[in-house]
Amino acid sequence: MAQEIRGSGTREIHARLLLDSYRRLTGKELLRVPDGANPTAVIEEADIIVLSHDTEQDPVLNYGNRAARALWEMDMETFVRTPSRLTAEPMEREERARFLAQVAERGYVDDYTGIRISSTGKRFYIVNATVWNLVDDYGANRGQAATFSAFTYI
């Protein structure tokens, strides 16, 4: 069953998972979190899009920051109940599945470009997204995440 990221403690754990996994796999910082700042708030208010899905057979989105929810035109409750595959049009889903398998094998890919669709049917082209595996401190797979800042409506 899909696990929604709820409660401030759970959200902070997930925020740290996003940040730490990104750093471990890419060698870069996803976002700068100032000393004493709440990482959850930093990710939530970032100008870049940050989203993630769980490890289900048919993964379900479990987090999207403010920018991601605005782009996909969903509130948080809707966002975290959406199967990840529905962020792509039907004709794009097979390619998306192949790409996510590649990420699972490599750990991350930092040059993904593809077409996605919002909840209201607006199509957009994302450019140079980084997609990475969410791996906790014990090596357990917790899902996959993506970030990007460049997109164009088509």
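The notes below deal with the structure included here.

## A word on the overall build of the protein
When its secondary structure is counted, the protein shows five helices and six strands. Taken from N to C terminus, the helices and strands of the protein fall in the order α-α-β-β-α-α-α-β-β-β-β. Taking 154 residues into account, the globule formula puts the C-alpha radius of gyration at 15 Å, and the protein, at 14 Å, falls close to it. If one aligns the C-alpha atoms of the protein with their principal axes, the spans along those axes are about 45 × 30 × 30 Å. Here the protein holds 154 residues, and the buried ones make up 46% of them. By sequence separation, contacts in the protein at least 24 residues apart represent 48% of the contacts at least 6 residues apart. Only carbon and sulfur atoms are counted for the fraction: they give 49% of the accessible area of the protein, which is about 8,300 Å².

## Re unusual backbone geometry
What is expected of a backbone is that most residues other than glycine have negative phi and most peptide bonds are trans. Phi is positive for E73, which is not a glycine, with a value near 55°. Along the chain, the position of E73 falls in the loop between α3 (66–72) and α4 (76–79). Take E73: its relative accessible area is 28%, and that puts it in the partly exposed class. Positive phi is not limited to glycine here, since N128 has a value of about 55°. The residue N128 is located in strand β4 (residues 123–135) in this model.

## Some words on the environment of T120
On the secondary structure map, T120 appears in the loop between β3 (108–117) and β4. In sequence terms T120 and M74 are 46 residues apart; their C-alpha atoms lie 9.0 Å from each other. Polar side-chain contacts of T120 include one of 2.3 Å to the side chain of E73.

## Things to note about the environment of W132
Inspection of the secondary structure puts W132 in strand β4. With relative accessibility at 0%, the residue W132 sits in the buried group. Between the alpha carbons of W132 and R11 there is a distance of 19 Å; along the sequence they are 121 residues apart.

## So, the pattern of salt bridges
Applying the stated rule across the entire model yields twelve salt bridges. For R85, the salt bridge is made with D58, and the minimal N-O distance between the two is 2.9 Å. Placement of R85 in the loop between α4 and α5 (93–106) and of D58 in the loop between β1 (49–53) and β2 (61–64) is noted, with a sequence separation of 27 residues between them. When its relative accessible area of 33% is taken as the criterion, D58 is described as partly exposed. Across the pair R142 and D136 runs a salt bridge whose closest N-O atoms are separated by 2.8 Å.

## What about the packing of aromatic side chains?
Two descriptors summarise a pair of aromatic rings, namely the distance from one centre to the other and the angle between the planes of the rings. Taken as a whole and judged by the stated rule, the model has eight aromatic pairs. Ring centres 6.3 Å apart and planes at 75° place the aromatic pair W72 and F148 in the edge-to-face group. Here F148 lies in strand β5 (residues 141–148) and W72 lies in helix α3, a separation of 76 residues in the sequence. Each member of the pair W72 and F148 is classed as buried. Grouped by ring-pair contacts, the aromatic residues W72, F79, F124, F148, F151 and Y153 constitute a single cluster.

## Description of the nonpolar core
Within the largest apolar cluster, 20 residues are counted, with the highest numbers of intra-cluster contacts made by I49, L51, W72, F79, F99 and F148. For this core, the secondary structure elements donating two or more residues are β1, α3, α5, β3, β4 and β5. Beyond its immediate sequence surroundings of up to four residues, W72 is in contact with I49, L51, F79, T87, R116, I117, S118, S119, F124 and F148. Core analysis: the second largest hydrophobic core is formed by 15 residues, L18, L19, A46 and A145 among them.

Cut-offs applied
Residues numbered from 1 in each chain as written. Predicted model: local features only at pLDDT ≥ 70, side-chain atom pairs only at ≥ 80, totals over all residues. Heavy atoms only, no water. Helix = DSSP H or I, 4+ residues; strand = E, 2+ residues; numbered from the N terminus. Rg over C-alpha atoms; globule rule 2.2 N^0.38 Å. Buried < 20%, exposed > 50% of the residue type's maximum accessible area, 1.4 Å probe, protein only. Contact = heavy atoms within 4.5 Å. Areas by Shrake-Rupley, 256 points an atom, 1.4 Å probe, with all protein chains shown as cover. Polar contact = N/O pair within 3.5 Å; in protein donor to acceptor, adjacent residues only side chain to side chain. Salt bridge = Lys/Arg side-chain N within 4 Å of Asp/Glu carboxyl O. Phe/Tyr/Trp six-rings, centres within 6.5 Å; stacked < 30°, edge-to-face > 60°. Core = buried A, V, L, I, M, F, W, Y, C linked by side-chain atoms within 4.5 Å.

Such coordinate-based values are descriptive only and should not be taken to indicate function.
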